[in-house]
Amino acid sequence: MTNEAPRPDRDADPPVPGGADEPAPSPSTGVGRRMLRPLLLVALVVYLADLATKVLAVHYIDPADPISIVGDTVTLTLIRNPGAAFSMATGMTWLLTLVAIAVVVGVVKIGRTLRSGWWALGLALVLGGALGNLTDRLFRSPGPLQGHVVDFVSVGWWPVFNVADSAIVCGAILLVALTVFGIEPDGGASKGRDAAPDETRKESHQ
């Protein structure tokens, strides 16, 4: 009688590196981190464009002498706006500054979990615009949290605005459209749209 070493079970699962209790990396987390990079890049482009145009507007536009682009319909008119986009809430500058800071933090946090390129674009426009106007509120006169935003584009009856205002509005419209059409931040369709086909399949099998 010979002593044979026990043979390993061929059907046994291979050992998992790091131990059985080690959590597997989430695919959505990796995708979210990849989406955050282009989001921040687009936001940076919007921010730099807003900053550069404001510097040029302050340097070349005389507040008392607007520059005509298309007659009196489209002009470059330099004003200092203590309020929100399009000169709203002019008496709440400090509160608007805090809201802008909260928006920046919130967008960056949400961006870590995004899987939809369209959502990333919408949030990037909002983030870049919020940073642009926030810079004015922090560093322009009359002082931190009270700084007046530089606006210089006047179109007809529309309130004077800047690049940051345009980016915020365009981003907000895009995000609303994505919500209306049921496109989720994770790239999938809304549950409400998926529920109807599932119920139809269940009824067909009964």
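Residues numbered from 1 in each chain as written. Predicted model: local features only at pLDDT ≥ 70, side-chain atom pairs only at ≥ 80, totals over all residues. Heavy atoms only, no water.

Helix and strand counts for the protein stand at five helices and four strands. In the protein, the succession of helices and strands from N to C terminus is α-β-β-α-α-β-β-α-α. Counting every position in the protein, which comprises 206 residues, the buried fraction comes to 32%. Counting only contacts in the protein whose residues sit at least 6 apart along the sequence, the fraction spanning at least 24 positions is 67%. A total accessible area of about 13400 Å² is found for the protein, and carbon and sulfur atoms account for 66% of it. (Helix = DSSP H or I, 4+ residues; strand = E, 2+ residues; numbered from the N terminus. Buried < 20%, exposed > 50% of the residue type's maximum accessible area, 1.4 Å probe, protein only. Contact = heavy atoms within 4.5 Å. Areas by Shrake-Rupley, 256 points an atom, 1.4 Å probe, with all protein chains shown as cover.)

Summarising the element assignment, A120 is placed in helix 3 (residues 117–139). On the basis of relative accessible area, A120 is assigned to the buried category, the value being 5%. Along the primary structure A120 and L40 are separated by 80 residues, whereas in three dimensions their C-alpha atoms are 9.0 Å apart. Those residues in contact with A120, other than ones at most four positions away along the chain, are M35, L39 and L114.

Time to look at the UniProt feature "transmembrane region" (unreviewed entry) in the protein. The positions that UniProt labels "transmembrane region" (unreviewed entry) are, in the present scheme, residues 39–61, 84–105, 117–135 and 155–183. Helix and strand shares over residues 39–61 are 96% and 0% respectively, and the end C-alpha atoms of the span are 32 Å apart. Annotated as 62% helix and 17% strand, the span residues 155–183 places its first and last C-alpha atoms 33 Å apart. (UniProt positions renumbered as here; feature names shortened; annotations may be inferred.)

This paragraph deals with the environment of G111. Checked against the element boundaries, G111 lands in helix 2 (residues 93–111). Residue class for G111 comes out buried when judged on its relative accessible area of 0%.

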